[in-house]
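What the coordinates show
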Amino acid sequence: MQQDMILIIDAGSDKNARLAREIRALGVYTEIYPYSIEKAELDKLVGVKGVIINGGVNGEGVKVSDAVLNCGYPTVAYDYEGSPALPEDDGEREAAIKELIFDKWNAERNWNAENFIADQIELIRQQVGDRKVLLALSGGVDSSVVAALLIKAIGDKLTCVHVNHGLLRKGEPEEVVRVFRDELGANLVYVDAADRFLDKLAGVDAPEQKRKIIGAEFIRVFEEEARKLEGIEFLAQGTIYPDIIESGSGTHKAVKAHHNVGGLPEDLKFELVEPIKMLFKDEVRAVGLALGLPEGMVFRQPFPGPGLGVRCLGAITRDRLEALREADAILREEFQKNGLVGKVWQYFVAVPDVKSVGVRDNQRYEGWPAIIRAVNTVDAMTASIEEIPYSLLHHITDRITHEVEGINRVLYDLTPKPIGTIEWE
Ligand code: XMP
């Protein structure tokens, strides 16, 4: 299937990603290319209905390539060499874009999850044939969608490796196994490496050092599993479009390939399969739903790679980590029951290495505090504090202090970002 496409040429605007999202939200496919794009690359594109040259802030002195100027497609320029910019007001802007792409260029609304899936299955089969692919499946939305697509396209030629580093949230590794192995029939290698990670982390209290250890150990475990498998030629990755569009205007290198193979050693040479690399996050979720993944997985809140490791503050101990995992599970359950999922961007518990005196069953009871953090943000650069009803906070406090071994207080973190970062470490 060949879909219509609008080409955005980045001539210095810092709003190209916004424009691309706006056009895609109208059901029309679009891609961003640098102003210097050459004819050979332009000639490869199919279904082009029109070209938008988008200039602006850092575009002074930028000249788009002759290939763009002579491309032969209908072309419009915004904020480039004296032409007016697109309106900023949302309503006016949408009207202007609609008039351009539908009325002038007759683009069709044929960009949707079903067509994308059908196309990708075809493309993956062409790229891979009957050779074997490896995927690190974290259970996050991106790797889960890549797994589900590849299972549809190549079935058991895909091997998924799920590394449980012992710092996942309650129920997560079990859900990955249930959804991918039991329901989707994936060839899944489940590695319980919790002891390895916790042994390496013992006594380490510096946050960046903890991150380094977790990252390096992850690669080591994954590499060991990869070496055990025979004949793997491809590595699938959940790279998405924002990883590829360089942030800022990037007038000189507007679009860069961001091929991070996670630092695997040179002798493990894989060709990459990146089926969602042209998707924005909301599109990844739509594709996940269309592939039948559970909503809880598709709309999962962001979860850092080092996981609970950066929420079990200071040097991680197993008992405090378990207390954190249980308290966090209660928080998530209560947010789910009370309709806060989807209203709050990120919510979690952190447990510091501090004990206070309390009373339980008429006895002195020393325990750690559970700190609740619930924030809203657009881009994770700044964040505001969500107002949670007091009655719910009381209920959560009651449950955590009664049900979780080792916790005797609950605190609610009111600090916005800045000054606090979202995570405590
Ligand atoms: P901060 O704490 O920097 O967090 O305000 C911003 C967002 O990034 C997530 N985060 C991480 N994600 N590895 C990740 O994959 C990390 O080491 C890491 N640290 C923070 C954090 O959860 C929030 O969504």
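Residues numbered from 1 in each chain as written. Predicted model: local features only at pLDDT ≥ 70, side-chain atom pairs only at ≥ 80, totals over all residues. Heavy atoms only, no water.

Sheet architecture is open: four strands sit in the order S2-S1-S3-S4, paired in parallel fashion. Both edges of this open sheet fall to strand S2 (29-34) and strand S4 (75-78), since each of them pairs with a single strand only. Each adjacent strand pair in this sheet contributes to an overall mean axis angle of 20°, direction not counted. Taken together, the seven bridges between strand S1 (residues 5-11) and strand S3 (residues 48-55) define a ladder with parallel strand orientation. Directly across from Ile 8, in S3, lies its bridge partner Ile 52. (Pairing = 2+ DSSP bridges. Helix = DSSP H or I, 4+ residues; strand = E, 2+ residues; numbered from the N terminus. Axes fitted to C-alpha atoms, helices over the stretch in contact; angles between N-to-C directions.)

This part is about the nonpolar core. Ile 9, Ile 23, Ile 101, Phe 180 and Ile 276 are the most contacted members of the largest nonpolar core, which totals 80 residues. A domain split of this core shows at least three residues from each of domain 1 (5-104) and domain 2 (113-298). Sequence-distant contacts of Ile 23, defined by excluding residues within four places in its chain, comprise Ile 6, Ile 8, Val 28, Thr 30, Ile 52, Ile 97 and Ile 101. Within the second largest apolar cluster, 50 residues are counted, among which are Ala 327, Ile 372, Leu 392 and Ile 407. (Core = buried A, V, L, I, M, F, W, Y, C linked by side-chain atoms within 4.5 Å. Buried < 20%, exposed > 50% of the residue type's maximum accessible area, 1.4 Å probe, protein only. Domains from an automatic or database assignment. Contact = heavy atoms within 4.5 Å.)

Between helix H8 (residues 194-201) and helix H9 (residues 207-228), whose axes approach to 10 Å, the crossing angle comes to 145°. Our pair here, H8 against H9, has a crossing hand that is right-handed. Side by side, H8 and H9 meet where Arg 196, Phe 197, Lys 200 and Leu 201 of the first sit next to Lys 210, Ile 213, Ile 214, Glu 217, Phe 218, Arg 220, Val 221 and Glu 224 of the second. In terms of residue class, the contact of H8 with H9 is built from six nonpolar, no polar and six charged. (Left-handed = near helix turned anticlockwise from the far one by under 90°. Nonpolar A, V, L, I, M, F, W, Y, C, P; charged D, E, K, R; others polar.)

The environment of the ligand is formed by Arg 211, Pro 304, Gly 305, Pro 306, Trp 345, Gln 346, Lys 417, Thr 421, Ile 422 and Glu 423. In the model, an oxygen atom of the ligand is placed 2.6 Å from a nitrogen or oxygen of the Lys 417 side chain. Relative to its free-state accessible area of 500 Å², the ligand is covered by the protein chains to the extent of 69%. (Near = heavy atom within 4 Å. Polar contact = N/O pair within 3.5 Å; in protein donor to acceptor, adjacent residues only side chain to side chain. Areas by Shrake-Rupley, 256 points an atom, 1.4 Å probe, with all protein chains shown as cover.)

The next point concerns the domain arrangement of the chain. You can read the domains of the chain as domain 1 (5-104), domain 2 (113-298) and domain 3 (317-412). Each of domain 1 and domain 3 has a C-alpha centre, and these two points are 47 Å apart.

Before going further, it helps to examine the packing of aromatic side chains. This model, assessed by the stated rule, comprises four aromatic pairs. Ring geometry for Tyr 241 against Phe 280: centres 5.5 Å apart, planes inclined by 70°, an arrangement best described as edge-to-face. On the criterion of sequence distance, the pair formed by Tyr 241 in helix H10 (residues 241-244) and Phe 280 in the loop between strand S9 (271-273) and helix H11 (281-290) is long-range, its members being 39 residues apart. Looking at Phe 280, the relative accessible area reads 3%, which means it is buried. With centroids separated by 4.7 Å and ring planes inclined at 25°, the aromatic side chains of Phe 335 and Tyr 347 adopt a geometry described as stacked. Taken together, the positions of Phe 335 in helix H13 (residues 318-337) and Tyr 347 in strand S10 (residues 346-350) put the pair 12 residues apart, joining distant regions of the chain. No difference in accessibility class separates Phe 335 from Tyr 347, as the two residues are buried. An aromatic cluster is present here, built from Tyr 29, Trp 111 and Phe 116 joined pairwise through their rings. (Phe/Tyr/Trp six-rings, centres within 6.5 Å; stacked < 30°, edge-to-face > 60°.)

We now examine H11. Each α-helix turn comprises 3.6 residues. Residues three or four places apart therefore point the same way. Of the positions making up H11, those classed as buried are Glu 283, Val 284, Val 287 and Gly 288. Buried positions in H11, seen along its axis, are confined to an arc of 145° and lie on one side of it. Buried residues along H11 sit against helix H1 (16-25), helix H5 (113-128), helix H6 (141-154) and helix H12 (295-298). (Arc of directions from axis to C-beta.)

As a further point, take H5. Taking 1.5 Å per residue, 16 residues should reach 22 Å; H5 reaches 22 Å between its end C-alpha atoms and fits that length. Within H5, the full set of buried residues consists of Ala 113, Phe 116, Ile 117, Asp 119, Gln 120, Ile 121, Ile 124 and Val 128. Where H5 ends, the next residue or the one after it, Gly 129, has phi of about 60°, a positive value. (Expected span 1.5 Å × (residues − 1).)

This part takes up the sheet that holds strand S6 (residues 158-164). Overall, parallel pairing links the five strands, which are arranged S7-S6-S5-S8-S9 in an open sheet. The open sheet has two free edges, formed respectively by strand S7 (187-192) and S9, since each of these has just one partner strand. Adjacent strand axes in the sheet meet at a mean angle of 30° when their direction is disregarded. By the bridge criterion, three bridges tie strand S8 (residues 232-236) to S9 in an arrangement that is parallel. Along S9, the bridge assignment pairs Leu 235 with Leu 272.

What follows covers the confidence of the model for the chain. Here the chain averages 93 in pLDDT, and 96% of its residues register 70 or above. Every residue in residues 247-261 is under pLDDT 50, and counting partners more than four places away or in other chains gives 32 contacts. (pLDDT = per-residue confidence, 0-100.)

As a further point, take unusual backbone geometry. Note that the residue after Lys 417, namely Pro 418, is joined by a cis bond; omega there is -20°. Positionally, Pro 418 belongs in the segment after strand S14 (407-412). In the Ramachandran plot, Asp 79 falls in the positive-phi region, its phi being about 55° despite a non-glycine side chain. Relative to the assigned elements, Asp 79 resides in the loop between S4 and helix H4 (90-104). For Asn 362, which is not glycine, the phi torsion reads 60° and is therefore positive.

It is worth spelling out the side chain of Gln 3 at this point. Along the chain, the position of Gln 3 falls in the segment before S1. The buried category is assigned to Gln 3, whose relative accessible area is 13%. Dropping the residues within four chain positions of it, Gln 3 is found in contact with Tyr 29, Val 46, Gly 47, Asn 110, Trp 111 and Asp 119.

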